[in-house]
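# Structural description and commentary
Listed below, chain by chain, are the residues.
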Amino acid sequence: MGFTSEGPSGLAQIKGAGIQPFLAWYSARYGAGKLASAAAAIPPGLRASFDLQDAHLGVLTSSWYPAPAIHALLDNMAAAVSPEERGELAREGARAIMDATLKGVYRWLFETMMTPERYGRNAQSLFRRYYDAGTMTKTPLQPAGHLSIVRDWRAHHPMLCDFLAHTAEYVYAALGCRDVQVKRTACVDRGAGECRFEITWRP
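Description of the structure in this document. (Residues numbered from 1 in each chain as written. Predicted model: local features only at pLDDT ≥ 70, side-chain atom pairs only at ≥ 80, totals over all residues. Heavy atoms only, no water.)

### Quick look at the pairing of strand 6 (residues 195-202)
The line we're drawing: Exposed residues in this analysis have more than 50% of their type's maximum accessible area, buried residues have under 20%, and partly exposed residues fall in between, with area computed by a 1.4 Å probe over protein chains only. Think of it this way: any DSSP run of H or I at least four residues long counts as a helix, any run of E at least two long counts as a strand, and we number them from the N terminus. For two strands to be treated as a pair, DSSP must find no fewer than two bridges joining them.
Of the two faces of strand 6, the one holding Cys195, Phe197, Ile199 and Trp201 is buried and the one holding Arg196, Glu198, Thr200 and Arg202 is not buried anywhere. Direction of pairing for strand 4 (residues 145-151) relative to strand 6: antiparallel, over a ladder of six bridges. Residue pairing in the sheet places glycine 145 in a bridge with threonine 200 of strand 6. With six bridges connecting them, strand 5 (residues 178-186) and strand 6 associate as antiparallel partners.

### Quick look at the sheet that holds strand 4
This is how the line gets drawn: For helices, the fitted axis covers only the stretch in contact; all axes are lines through C-alpha atoms, and the angles between them, taken along N-to-C directions, range from 0 to 180 degrees. The contact criterion used throughout is that any non-hydrogen atoms of two residues lie within 4.5 Å.
Strand order across the open sheet formed by four strands is 3-4-6-5, with antiparallel pairing between neighbours. The open sheet has two edge strands with one neighbour each: strand 3 (135-141) and strand 5. Averaged over all neighbouring strand pairs, the angle between strand axes comes to 20°, with direction disregarded. Lying over the sheet, helix 7 (residues 116-127) contacts strand 3, strand 4 and strand 6, oriented at roughly 170° with respect to strand 3. On the sheet, helix 8 (residues 158-174) packs against strand 3, strand 4, strand 5 and strand 6 and is oriented at approximately 155° with respect to strand 5.

### Here we look at the pattern of salt bridges
Note the threshold: We count a salt bridge whenever a side-chain nitrogen from Lys or Arg sits within 4 Å of a carboxyl oxygen from Asp or Glu.
Within this structure, the stated rule accounts for eight salt bridges. Put simply, arginine 95 and glutamate 92 hold a salt bridge, and the shortest N to O gap is 3.4 Å. Here the residue arginine 95 and the residue glutamate 92 both occupy positions in helix 5 (residues 83-103), the gap between them amounting to three residues, near one helical turn. Of the residues examined, arginine 95 reaches a relative accessible area of 35% and is grouped as partly exposed.

### Considering the packing of aromatic side chains
For clarity, the threshold we go by: The aromatic pairing rule takes the rings of Phe, Tyr and Trp, using the six-membered ring of Trp, and pairs them if the centres are within 6.5 Å, calling planes under 30 degrees apart stacked, those over 60 edge-to-face and the rest tilted. Counted as over-ring charges are cases with an Arg CZ or a Lys NZ within 6 Å of the ring centre that also lie within 35 degrees of the ring normal.
With the rule as written, the count across this model stands at ten aromatic pairs. Taking 5.1 Å as the distance between ring centres and 65° as the angle between the ring planes, the aromatic pair formed by phenylalanine 22 and phenylalanine 163 counts as edge-to-face. Placement of the pair is phenylalanine 22 in helix 1 (residues 20-30) and phenylalanine 163 in helix 8, with a sequence separation of 141 residues. Looking at phenylalanine 163, the relative accessible area reads 3%, which means it is buried. Feature note: the residues Phe22, Trp25, Tyr26, Tyr30 and Phe163 constitute an aromatic cluster, connected by ring pairs. Residue placement shows arginine 29 over the ring face of tyrosine 30; its charged tip is 4.6 Å from the ring centre.

If you want it as structure tokens, here you go:
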């Protein structure tokens, strides 16, 4: 499936590269059977996006998938674990996705962002490789930080938003920033019109 600005019936789309590393981690951590069970519980119309016989549900990093199908899968995965484990899902899922980015097909793009300043200018380029809609902007915070704002993110989901927060920790650390702290100050799931993150580090 090639790039499209919107999926079937106008559905938001998520690139496989933005979720497949998490599915691989989950399968290794909890077992392919538990991942398949989470997918099997998805409503039939959305379940067709996945191959329940495959250890990673057949998700390809190069393909796009309807956001509602991914959302339903994440909901089922979160419902099957404790609140503490849900935090682990978000934290380790973000780490898996970031590790894949640093080592995979988008490594060349990340290597062009080897400073926080360059990343701030080019963050949207990376964001759009995972989500077909939404705008990420970053503005400097003093003495060392960024205010990251994501608007019109039609594929938003609580766990994906958690992924984004944790990913920031790993991205800025990979850029050489020390003592990175991420504070989410607004989220569309909490009634805001956008998601905001304050990322700070030691100058």
